[in-house]
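Below are the chains, spelled out letter by letter.
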Amino acid sequence: MLRQMEGSAAVAEAVVACRPEVVCAYPISPQTHIVEGISDLVRAGELERCEYVTVESEFAAMSVCIGASAAGARAYTATASQGLLFMAEALYNAAGLGLPIVMTLANRAIGPPINIWNDHSDSMSQRDSGWIQLYAETNQEAVDLHVQAFKIAERLSLPVMVCMDGFVLTHAFEQIDVPERAAVDAFLPPFEPAQALDPADPMTIGAMVGPEAFAEVKYLAHAKQMQALDTIPEVAAEFEAAFGRPSGGLARGYRIEDAETVVVALGSVLGTIEDTIDAMREDGVAIGALALKSFRPFPLEEVRAALQGAKRVLVLEKALAVGVGGIVAANVRMALSGLSLHGYTAIAGLGGRPITGPSLRGLFDDAVADRLEPLTFLDMDWERVEAELKRLAAGGRSGAHAENILREVGVVAGRSH
Amino acid sequence: MSAGQRIRYYQVGTNAVGNRLLDPEERTVQARTDRSNAITSGHRACRGCGEALGARYVLDAAMRASEGKLVAANATGCLEVFSTPFPESSWQLPWIHSVFGNAPAVASGIAAAQRAKGREDVRVIGQGGDGGTVDIGFGCLSGMFERNDDVLYVCYDNEAYMNTGVQRSGATPPAARTANTKPIGDHPGNQFGQGKDVPRIAMAHGIPYVATGTVAEPHDLERKVETAMGMRGARYLHVFVPCPLGWGSASQDTIKLARLVKETGLFPVFEAVDGEVTEVSKIRRRTPVEEYLKPQRRYAHLFGEHGHPEIVERLQAMADRNIEEYGL
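These numbers come from a predicted model, not from an experiment. (Residues numbered from 1 in each chain as written. Chains lettered and ligands numbered in written order. Predicted model: local features only at pLDDT ≥ 70, side-chain atom pairs only at ≥ 80, totals over all residues.)

1. Quick notes on the domain arrangement of chain A
Line of reasoning, step 1. Here chain A is partitioned into domain 1 (2-243), domain 2 (251-377) and domain 3 (387-417).
Line of reasoning, step 2. One C-alpha centre belongs to domain 2 of chain A, the other to domain 3 of chain A; they are set 34 Å apart. (Domains from an automatic or database assignment.)

2. Quick word on unusual backbone geometry
A negative phi angle is the norm for most residues apart from glycine, just as the trans form is the norm for most peptide bonds.
Line of reasoning, step 1. Backbone torsion omega between S29(A) and P30(A) reads 0°, so that peptide bond is classified as cis.
Line of reasoning, step 2. Positionally, P30(A) belongs in the loop between β2 (22-25) and α2 (32-43).
Line of reasoning, step 3. Here F86(B) and P87(B) are connected by a cis peptide whose omega angle stands at 0°.
Line of reasoning, step 4. With respect to the helices, strands and loops of the structure, P87(B) is situated in the loop between α2 (78-83) and β2 (95-97). (Helix = DSSP H or I, 4+ residues; strand = E, 2+ residues; numbered from the N terminus.)

3. Some thoughts on the sheet that holds strand β3 (residues 123-129) of chain B
Line of reasoning, step 1. In space, the 9 strands of this open sheet follow the order β9(A)-β2(B)-β1(B)-β3(B)-β4(B)-β6(B)-β5(B)-β7(B)-β8(B), with mixed pairing throughout. Each of the sheet's edge strands pairs with one partner strand only, and the pair in question is β9 (204-205) of chain A together with β8 (276-280) of chain B.
Line of reasoning, step 2. Bridge analysis of strand β1 (residues 70-74) of chain B against β3(B) gives 5 bridges, and the strand direction is parallel. Within β3(B), the position partnered with N74(B) by the bridge is Q127(B).
Line of reasoning, step 3. Strands in contact with helix α1 (residues 50-65) of chain B are β1, β3, β4 (152-157) and β6 (235-240) of chain B; relative to β4(B), the strand with the most contacts, it is inclined by about 160°. (Pairing = 2+ DSSP bridges. Contact = placed C-beta atoms within 7 Å. Axes fitted to C-alpha atoms, helices over the stretch in contact; angles between N-to-C directions.)

4. Details of the nonpolar core
Here is a general trend for soluble globular proteins: nonpolar side chains tend to be buried in one another's company.
Line of reasoning, step 1. In this structure, V22(A), V162(A) and I110(B) are the most contacted members of the largest nonpolar core, which totals 229 residues.
Line of reasoning, step 2. Of the residues forming this core, the biggest block, 10 residues, is contributed by α1(B).
Line of reasoning, step 3. Here this core gathers at least three residues from each of two domains, domain 1 (2-243) and domain 2 (251-377) of chain A.
Line of reasoning, step 4. For V162(A), the contacting residues outside a window of four places in its chain are V102(A), T104(A), L105(A), L134(A), A136(A), A142(A), L145(A), H146(A) and A149(A). (Core = buried A, V, L, I, M, F, W, Y, C linked by C-beta atoms within 7 Å. Buried ≥ 20, exposed ≤ 12 C-beta atoms within 10 Å, placed from the backbone.)

And the structure:
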């Protein structure tokens, strides 16, 4: 049933429908509405046999999930940004121990400068933690991906991170169909752990491994992610059969069949990208998009198959690998080995800067005309950047760029160095 | 070990009670043929390791109290490393090691899972060394206390980071030499400070049970474990475990040093219920701190021709203050 509701509220209901036994979270914007929603539902008795644990940090939140999952309970948490970094050590541990924890990541920028708005620098920073990373394009997909995530996680004994754009999705109200509890019960069987801390059958989890077997253990983690390349589409197909709508999977093309120019992106920005493509198609431009749904594992074959007929590919991403440029782009290029096509990277939407239709139209026009530099920054205020670089070159004290720039803008009063 | 095999266990030394003189029911868990050997033989601990001994006393007593339904979460550290060299494990109970600083939170998660599953018969223990407890795991420990999670957390305190090569921790006593508090120049070992008295901090959380003990007194230690296991909620046990490697003491002196630290007053042995001290172990034969300090090379710079008698005096004053404060 379609209801007009906030994305976070819908995700909270979807998670509760999956019957987690232990939910543990620490507050951080923009994840808060999700875990508050789950807390309300647990307190209202909507979910029997669920322990909701409020902890003192994200590191503890992930650690409680590790203990709960290792003891055989379905475990869930949510975080964003700095919170994801703070749990990083436990994040790797959860993946390495093969614990099928599901986590919502309300994508948000990483500081400094501290910034609560959306981009993908948080999830991208943990792309190699061993977690599966799925990206939602809409709130409907965010809801659906959570239902699929528990199934994927438990089938593979791997943790799954469902990434949804902070504020853009989490705080947006739109029509969403949250799957009925009974339908989810039929889709998602109770959690039967592959391993559990059980006094009836004692086992040691987390032993020390030296050079004699460490590489093999790491390879097996890779092999499991490769296995996920089969499991993710399988579960997406099962979901479509059960709920009657396509959601998730590895990647999805949009008007891509005859496209000479393909824009690759992930998350909610695809909506604006697709609108722009529609407009350009009306003008006769052969342009399409490839939406990445799974970033880890990275679907190399699907990406190659989707792009091999194109003349050029433009990767638009909401994260910046300082010192090199694109993160998604580097992965896309791995899929294109031996193919000869123009490759462009556009860094956009950092720290919540809006990615508008007109800006995308300009960017795509430049791409189609091969006028782009290999690395482009969408809507960058170059005047501001040049001024700060000039000031630095003149031997001014470096200080914090953020404060210096804000002084230039006139937001912060005070001395300019 | 077969159930019928006789275990000979002689506890010797000043004022100790030999098990063979006691009724079978009053003997320690360690002296019983049916002890669980939760951490079994063959591990890689150093000769004379106080932590291995402490863990065995505590876990076997906890296994007995929980009728074998016990799960353990372990911090990174010596105890974890020497017990699980791949592909071997000394653990005869379900055991998990996650990372260094999260053992109390992992234990909380295991406890939450038991509640969710209605398995209140399964009990949970968290454990780590002093580094994992008073330093890097302290946030998680305090959170676990504050929520009053149903976990018994045990700190095996050997007063430094032994696993990484004997560096100073928040539990390292003043004047002690560690790898990064060497008595070089005018710096006579670790500095004097207020210390981080985690048993007192645990009491300040108002948790149901806090106790300290040493490996020199297995009867006392086992009784405290049993008391703790008879309660629900967050409980904390701080066990003093000498480290021959890190302290530069003789392997055969582990029990002697654990006894002396109590007899000098440097380590108060007590228990507290709901944040109030309810019982203290009295000193039997009051002993000057020198007797405890001298057998340890980590204090060698305090004695001899270039010694620091004024520092020994300050350490004696600390012991005297404990004796007065706790009524030892």
